[in-house]
Amino acid sequence: VTVVVSGANSQQTVAFMGFGSGVPFSYVGRNIGEDAVVAFSTIDDATVTSNQVPVVWTGGLHTTYLTLNGSPTSGNSGGTVSVTATLLDRSVDPALAVSGAEITFTVGTVSCNGTTDSSGVATCVLTLGAPAVLTLNANYAGSSALLPASATQAFHILDDRIFADGFDGG
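Everything quoted here is computed from the prediction, not taken from an experiment. (Residues numbered from 1 in each chain as written. Predicted model: local features only at pLDDT ≥ 70, side-chain atom pairs only at ≥ 80, totals over all residues. Heavy atoms only, no water.)

A.B. asks: Could you give an account of the sheet that holds strand β11 (residues 110–115), with specific residues and numbers?
C.D. replies: Ordered by their spatial adjacency, five strands build an open sheet running β7-β14-β13-β10-β11, and the pairing between neighbours is mixed. Strand pairing shows two members of the sheet lacking a second neighbour, β7 (74–76) and β11, which therefore form its edges. Pairwise comparison of adjacent strand axes, ignoring direction, gives a mean angle of 25° for this sheet. Note that strand β10 (residues 102–107) and strand β13 (residues 132–140) share five bridges and pair antiparallel. Among the inter-strand pairings, Thr106 is bridged to a residue of β13, identified as Asn137. (Pairing = 2+ DSSP bridges. Helix = DSSP H or I, 4+ residues; strand = E, 2+ residues; numbered from the N terminus. Axes fitted to C-alpha atoms, helices over the stretch in contact; angles between N-to-C directions.)

Below, the structure is given as structure tokens:
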């Protein structure tokens with residue numbers, strides 16, 4: 001099924017459907033204004049077109065995106081690790097870095113806060129506990145203009161004694 005959005009947020013996409021089901025489709029209205037959404041498909045050499053659905057976008061909070069790309073995925077037990085996240089405003093094109101925003105990082109029960117710089121990057125240092133496989137979480141609470149965002153990735157706290165003593169225990 002091809003879905004066409006015309007108007008303030010024009011786009012065209014292909015959505016797939018299963019037998020007897022609806023077509024899952026969603027999009028973000030980055031621009032204030034009116035859109036018209038229509039779906040069509042060819043069945044037995046005949047084009048079938050849906051009713052036109054009007055969508056009106058008004059101003060509101062901007063959509064944000066938080067990523068842990070570039071942040072480490074492991075660290076040594078008892079040591080520290082510098083974690084990093086990047087926050088972007090995705091409601092504008094191209095996306096813009098968000099500066100001055102507080103990001104809270106957690107691994108297990110340990111947390112720290114960092115503030116985004118002019119590139120949208122926040123960094124802080126976590127003190128790591130016992131060896132474990134945990135999740136690194138980064139959270140942005142949002143503001144009066146920006147929606148909240150979060151990001152997660154697996155994080156491994158390594159037992160550095162294995163590397164210091166060797167694998168033979170000696």
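A.B. asks: Account for the environment of Cys112, naming residues and giving values.
C.D. replies: With respect to the element layout, Cys112 can be found in strand β11. Taking C-alpha positions, Cys112 is 6.2 Å from Cys124, a pair spaced twelve residues apart along the chain. In this structure, Cys112 is in contact with Val83, Ile103, Thr104, Phe105, Cys124, Val125 and Leu126, ignoring residues within four places of it in sequence. (Contact = heavy atoms within 4.5 Å.)

A.B. asks: Run through the state of the cysteines, naming residues and quoting values.
C.D. replies: On inspection of all chains with the given rule, the structure shows one disulfide. Linked covalently through their sulfurs, Cys112 and Cys124 form a disulfide whose S-S length is 1.8 Å. Looking down the S-S bond of the Cys112 and Cys124 bridge, the torsion is 55°, so its handedness is right-handed. Here Cys112 is found in strand β11, whereas its partner Cys124 is found in strand β12 (residues 121–127), with twelve residues between them in sequence. Cys124 carries the same exposure label as Cys112, and that label is buried. (Disulfide = S-S within 2.5 Å. Buried < 20%, exposed > 50% of the residue type's maximum accessible area, 1.4 Å probe, protein only.)

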